[in-house]
Amino acid sequence: GIMHMKAGVCRWCWALAALALIAFSASALHAESKPIRVAVVNTPQFSGLMDALIADFKAATGSDVVVYSGSDVFDRARNGETDLVIAHYGKSDFEDFVLKGYGSWPRMVFSNQMAIIGPPEDPAGIRGMDSAAKALRRIAETKSPFIAMALPTVNYATEVLWQMSGAPDKTGWCFDEGLDQGRAIREAATKRAYVIFGAWPFLRMKQKQGNDLEILVAADPILQRVMASVVVSASKIPGANEDGARAFEKFLMLPKTQARIAAFRSHDSPLQLWWPAARHNDNGVLGE
């Protein structure tokens, strides 16, 4: 009787162990199939680039990616709401996030860009120029109105271009009235003036405002602004899916994906406004 009882207990033990194993396997499978959470600054998402890249990633791997876009990407990462962050390399909080151990070393993935924007009649005749500095010089020489955009990143780039163009006297053509974003674009449309701004934010504002301004100079590499990805650290932020984040980050750096980024166009503009940037990373990372 005792032996029979022991055998029964053993069978129960094995049954419970098998159930536990099945439950563990199911939870592990569920963990693996959880979507990879990516937080990205606005432009890659509203331009349509992220949707195109995620569709390619899902086709190649079967893995899902969910995207949040906004300016508070690092706050979301600290709150445990994302696995991978993609932001401009110089974005405030990027350095602090990495140096305090919240994320891995940033990897360059792609660049978006600014552009010299102006009225279709183009009084300075700069359309299609491949040197933004020479274009700014021509705007100064023709005394065509130019609106200084009151945003630090745009301001800095404009100052570099102004110095490159020989630092021409700003009197009579350069209007610095502290206007930023939509207000500066509206003023440029009213004054038939030129303005420097992010190409994609401009295209978005053009849709909203219905202005007739156009991107006139975009080909100069100095107008490009690089973005980088950072994998959120699971040791610092429990629950972060490091493996999934690394898989998507590695996918972004593949030569085929980089070519896809270069080829991307949206219905908003026929111009190339996204540029491959992964070659700026260490070759060891690219070859892994």
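Worth saying up front: this structure is predicted, and the values here are computed from it rather than measured. Residue positions are given per chain, counting from 1 as you read along its sequence in written order. Thresholds applied to this predicted model are a pLDDT of at least 70 for local features of residues and 80 or more for the giving and counting of side-chain atom pairs; totals over whole chains, interfaces and linings are not thresholded and use all residues. Only hydrogens and water are set aside; all other atoms, that is, all heavy atoms of the structure, feed into the side-chain values.

### Topic: the packing of aromatic side chains
Put simply, two rings from Phe, Tyr or Trp (the six-membered ring, in Trp's case) pair if the centres are within 6.5 Å, and we call them stacked under 30 degrees between planes, edge-to-face over 60, tilted for the rest. By the definition in use, this model includes nine aromatic pairs. Judged by centre distance (5.0 Å) and plane angle (80°), the rings of Phe57 and Phe248 are edge-to-face. Taken together, the positions of Phe57 in helix α3 (residues 49-61) and Phe248 in helix α10 (residues 242-253) put the pair 191 residues apart, joining distant regions of the chain. For the residue pair Phe57 and Phe248, the accessibility class agrees, reading buried in each case. Arranged with centres 6.3 Å apart and planes meeting at 55°, the rings of Tyr89 and Phe94 form a pair that is tilted. Burial classes: relative accessible area under 20% of the type maximum marks a residue as buried, over 50% as exposed, and values in between as partly exposed (1.4 Å probe, protein chains only). We classify Phe94 as buried; its relative accessible area is 2%. Put simply, the rings of Phe74, Tyr89, Phe94, Phe97 and Tyr102 pair up and form one aromatic cluster. It is Arg76 that lies over the ring of Tyr68; its NZ or CZ is 3.7 Å from the centre. Either the NZ atom of lysine or the CZ atom of arginine qualifies as a charge over a ring when it sits within 6 Å of the ring centre and within 35 degrees of the ring normal. Over the aromatic face of Phe175 sits the side chain of Lys191, whose NZ or CZ is 4.6 Å from the ring centroid. Helix and strand definitions follow DSSP, with helices as H or I runs of at least four residues and strands as E runs of at least two, each counted in order from the N terminus.

### As for the confidence of the model for the chain
Each residue carries a pLDDT score, the predictor's confidence in it, ranging from 0 to 100. Here the chain averages 89 in pLDDT, and 88% of its residues register 70 or above. Of all the helices and strands in the chain, helix α1 (residues 2-33) carries the lowest mean pLDDT, 46, while strand β1 (residues 36-40) carries the highest, 98. Contacts were defined at the residue level, with two residues in contact if any of their heavy atoms lie within 4.5 Å. A low-confidence stretch, residues 13-31 stays under pLDDT 50, and its non-local contacts, those more than four residues away or across chains, total zero contacts.

### Examining the pairing of strand β9 (residues 224-231)
Strands pair, by our definition, only if DSSP identifies at least two bridges between them. Summarising the sheet, strand β3 (residues 84-88) and β9 pair through five bridges and their orientation is antiparallel. When the bridges of β9 are listed, Val85 appears paired with Val230. Two elements, strand β4 (residues 107-118) and β9, share six bridges in a ladder whose sense is antiparallel. Directly across from Gln113, in β9, lies its bridge partner Gln224.

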